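# Summary of the model geometry
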Amino acid sequence: MKPIIAANWKMNLTKSDASNLIGHINHAMNDIANIELILGPSHCYLDLAATHLKRGVIAAQNIAEFSGGAYTGEISAQMAKSCGAKYALLGHSERRHVFHETNEMIQKKLVLCNDNGLIPILCVGETLEQRNSGQLKTVINDQLDVLKNSAQVYFVAYEPVWAIGTGETATPELAEEVHAHIRSVVGDGVPILYGGSVNASNIKGLLSMPNIDGALIGGASLKSDEFSDILKISAALERKKS
Ligand code: PGA
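Throughout what follows, the structure given in this document is the object of discussion. (Residues numbered from 1 in each chain as written. Predicted model: local features only at pLDDT ≥ 70, side-chain atom pairs only at ≥ 80, totals over all residues. Heavy atoms only, no water.)

What follows covers the site of the ligand. In the vicinity of the ligand lie 13 residues, with Lys10, His92, Glu159, Gly165 and Ser197 positioned nearest. Asn8 has a polar side-chain atom sitting 3.4 Å from an oxygen atom of the ligand. Here an oxygen atom of the ligand and a side-chain polar atom of His92 are 2.7 Å apart. When the ligand sits alone it has 280 Å² of accessible area, and the protein chains cover 95% of it. In the shell around the ligand, the residues fall into four nonpolar, seven polar and two charged. (Near = heavy atom within 4 Å. Polar contact = N/O pair within 3.5 Å; in protein donor to acceptor, adjacent residues only side chain to side chain. Areas by Shrake-Rupley, 256 points an atom, 1.4 Å probe, with all protein chains shown as cover. Nonpolar A, V, L, I, M, F, W, Y, C, P; charged D, E, K, R; others polar.)

Turning our attention to the pattern of salt bridges. Taken as a whole, this structure holds eight salt bridges when the rule is applied. Lys108 is paired through a salt bridge with Glu65; the nearest N and O atoms lie 3.5 Å apart. With a gap of 43 residues between them, Lys108 in helix α5 (residues 103–116) and Glu65 in the loop between β3 (57–60) and α3 (77–82) connect regions that are remote in the sequence. Note on Lys108: relative accessible area 43%, which makes it partly exposed. Linking Arg95 and Glu101 is a salt bridge whose minimum nitrogen-to-oxygen distance equals 3.1 Å. Each of Arg95, Glu101 and Lys109 takes part in salt bridges that share partners, so that together they form one network. (Salt bridge = Lys/Arg side-chain N within 4 Å of Asp/Glu carboxyl O. Helix = DSSP H or I, 4+ residues; strand = E, 2+ residues; numbered from the N terminus. Buried < 20%, exposed > 50% of the residue type's maximum accessible area, 1.4 Å probe, protein only.)

Turning next to helix α8 (residues 172–186). With 15 residues, α8 extends 20 Å from end C-alpha to end C-alpha; this agrees with the ideal 21 Å at 1.5 Å per step. Three or more residues of α8 are buried, namely Ala175, Glu176, Val178, His179, His181, Ile182, Arg183 and Val186. Along its buried surface, α8 packs onto β5 (119–124), α6 (128–132), α7 (136–144), β6 (155–158), β7 (192–195) and α9 (203–207). Positive phi appears at Gly187, one or two residues downstream of α8, with a value of about 85 degrees. (Expected span 1.5 Å × (residues − 1). Contact = heavy atoms within 4.5 Å.)

Below, the discussion takes up the side chain of Glu126. If you trace the backbone, Glu126 turns up in the loop between β5 and α6. Taking the relative accessible area as the measure of exposure, Glu126 reaches 0% and is therefore buried. Within polar-contact distance, the side chain of Glu126 engages the side chain of Arg131 at 2.8 Å. The contact partners of Glu126, leaving out residues within four places of it in the chain, are Arg131, Leu136, Val139, Ile140, Tyr158, Pro160, Val161 and Trp162.

Within the secondary structure, Val161 is located in the loop between β6 and α8. Spatially, the C-alpha atom of Val161 lies 7.2 Å from that of Leu128, the residues being 33 residues apart in sequence. Setting aside its immediate chain neighbours within four residues, Val161 contacts Ser93, His97, Gly125, Glu126 and Thr127.

Moving on: the sheet that holds strand β8 (residues 214–217). With parallel pairing, eight strands are arranged side by side around a closed barrel as β1-β2-β3-β4-β5-β6-β7-β8. For this sheet, the mean inter-axis angle between neighbouring strands, taken without regard to orientation, is 25 degrees. In terms of strand pairing, β6 meets β7 through three bridges, oriented parallel. Bridge pairing in β7 places Val156 opposite Ile192. Together, β4 (85–90) and β5 form the strand contacts of α5, whose direction differs from that of β4 by roughly 170 degrees. Along the sheet, α8 contacts β5, β6 and β7; its crossing angle with β7, the most-contacted strand, is approximately 150 degrees. (Pairing = 2+ DSSP bridges. Axes fitted to C-alpha atoms, helices over the stretch in contact; angles between N-to-C directions.)

One finds Ile5, Ile25, Val156, Ile182 and Leu231 to be the most contacted residues of the largest nonpolar core, which totals 66 residues. Ile5 has contacts with Ile35, Glu36, Leu37, Ile38, Ile203, Leu207, Ala215, Ile217, Phe227, Ile230, Leu231 and Ser234, leaving out every residue within four places of it along the chain. Core analysis: the next-biggest nonpolar cluster, separate from the first, contains 13 residues, Ile38, Tyr87, Ile119 and Ile121 among them. (Core = buried A, V, L, I, M, F, W, Y, C linked by side-chain atoms within 4.5 Å.)

Time to look at the pairing of β5. With respect to burial, β5 is a largely interior element, six of its six residues being buried. The alternating pattern of β5 places Ile119, Ile121 and Cys123 and Pro120, Leu122 and Val124 on opposite faces, both of which are buried. Sheet topology note: the β4/β5 ladder contains four bridges and is parallel. Within β5, the position partnered with Tyr87 by the bridge is Ile119. Note: β5 against β6, four bridges, orientation parallel. The residue bridging Ile121 from the neighbouring strand is Phe155, located in β6.

So this is what it looks like as structure tokens:
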């Protein structure tokens with residue numbers, strides 16, 4: 001399996017900034033063969049990214065829990081797909097904590113991904129409080145539960161809430177412990193990405209772990225030089241799994 005590098009641009013960049021960054025990524029990817037790149041721009045740049053990203057695929061950062069209709073400001077799975085998305089992030093911690101998304105809402109979104117040919121990347125992760133009070137596995141299991149009985153192809157991203165945007169990454173060993181647990185629930189063949197303050201200095205250690213198949217990267221994916229370094233470092237890693 002090639003390392004999977006997914007960029008989550010969140011609510012950042014103007015249209016011209018986005019264009020420039022795609023240009024940088026295209027340049028970096030010229031010399032790289034051994035990477036699956038997934039780019040998650042804002043919805044308003046999905047089409048732009050799908051048109052201009054030369055080697056990689058596009059993810060929507062979210063989709064609505066409804067298939068369509070009178071839901072002002074929302075973007076349906078079908079709309080994201082028609083603008084070039086192949087994947088959709090579901091249940092990102094900012095969606096769960098800032099926009100109060102529940103597992104029930106996420107389950108509806110999973111069905112809509114399936115109906116519309118989008119591959120979901122289900123994000124799971126615990127807060128520091130949940131970790132410190134011994135609830136880590138219960139929280140992760142509850143979040144993974146939405147996948148129960150799902151026949152569709154999906155990815156999982158483990159993103160401890162305390163590590164997102166804080167500069168505090170889980171150590172490779174700590175992340176691997178949770179990835180191994182997730183693996184025991186979802187089985188082989190499901191790519192599991194790690195996210196939370198991933199950067200050019202820690203990517204190598206994280207991707208060296210047996211159950212970490214790739215990374216979901218926020219802040220560092222907005223910095224052209226650092227993101228190019230991340231792509232290069234990841235591409236150079238020997239993956240033992242196939
Ligand atoms: P970060 O964000 O890399 O800025 O911590 C990761 C994410 O939220 O997906």
